[in-house]
Amino acid sequence: MTETTLRAAPQTEAVEYARRLAARTMRTWALMEREELVTAIVAELVANAVRHAGTALELRLLRGSGRVRVEVRDRAAQLPRLTVPGPLDESHRGLFIVDRFANSWGADPVTGGKVVWAEVDI
């Protein structure tokens, strides 16, 4: 398994740093056909961590057999929940997007917080 990691403070700039890392990593792994999906998932999960957890976060991208796994760990215990936004809603779209783009996703409580993850088949 190949892995790349980013640790960031809970600031809006973290989303852009994470997007850049995801795009660069997908190109390095020669997975350009999945770059847009993975980058969108990364942006949504990191933005959710910044907005809702407000704690230091860690992004991990893992390439395994037949999949890329995105993990975002933060120090908040509350697990996210999927909501379906209305057509005029300007928020609550993050996990909805992740749910549409990922083959699977979830959230796992861990000591000191949680890990929200998503997987994309390659």
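Being a predicted model, the structure only gives us computed values, none of them experimental. (Residues numbered from 1 in each chain as written. Predicted model: local features only at pLDDT ≥ 70, side-chain atom pairs only at ≥ 80, totals over all residues. Heavy atoms only, no water.)

A. Structural detail: helix 3 (residues 94–101). Of the positions making up helix 3, those classed as buried are Gly94, Leu95 and Val98. Along the axis of helix 3, the buried positions cluster into a sector of 85°, meaning they face one direction only. Here the buried face of helix 3 lies against helix 2 (35–53), strand 4 (104–110) and strand 5 (113–121). (Buried < 20%, exposed > 50% of the residue type's maximum accessible area, 1.4 Å probe, protein only. Helix = DSSP H or I, 4+ residues; strand = E, 2+ residues; numbered from the N terminus. Arc of directions from axis to C-beta. Contact = heavy atoms within 4.5 Å.)

B. How the structure looks around unusual backbone geometry. Positive phi, normally seen in glycine, also occurs at Ala30, with a value near 55°. Note that Ala30 resides in the loop between helix 1 (13–28) and helix 2.

C. Spatial organisation of the packing of helix 2 against helix 3. Contact pair helix 2 / helix 3: the axes reach a minimum separation of 9 Å and the direction vectors enclose 150°. Overall, the two elements helix 2 and helix 3 adopt an arrangement that is roughly antiparallel. Handedness of the crossing formed by helix 2 with helix 3: left-handed. Where helix 2 abuts helix 3, its residues Leu37, Ala40, Ile41, Glu44, Leu45 and Asn48 lie against Gly94, Leu95, Ile97, Val98 and Phe101. Classifying every residue of the contact of helix 2 with helix 3 by side-chain character gives eight nonpolar, two polar and one charged. (Axes fitted to C-alpha atoms, helices over the stretch in contact; angles between N-to-C directions. Parallel < 35°, antiparallel > 145°, perpendicular 65-115°, else oblique. Left-handed = near helix turned anticlockwise from the far one by under 90°. Nonpolar A, V, L, I, M, F, W, Y, C, P; charged D, E, K, R; others polar.)

D. Spotlight on helix 1. Compared with the 22 Å implied by 1.5 Å per residue over 16 residues, the 23 Å span of helix 1 between its first and last C-alpha is a close match. Listed in full, the buried residues belonging to helix 1 are Ala14, Val15, Ala18, Leu21, Ala22, Ala23, Thr25 and Met26. On the buried face of helix 1, the contacting elements are strand 1 (2–8), helix 2, strand 2 (57–64) and strand 3 (67–74). (Expected span 1.5 Å × (residues − 1).)

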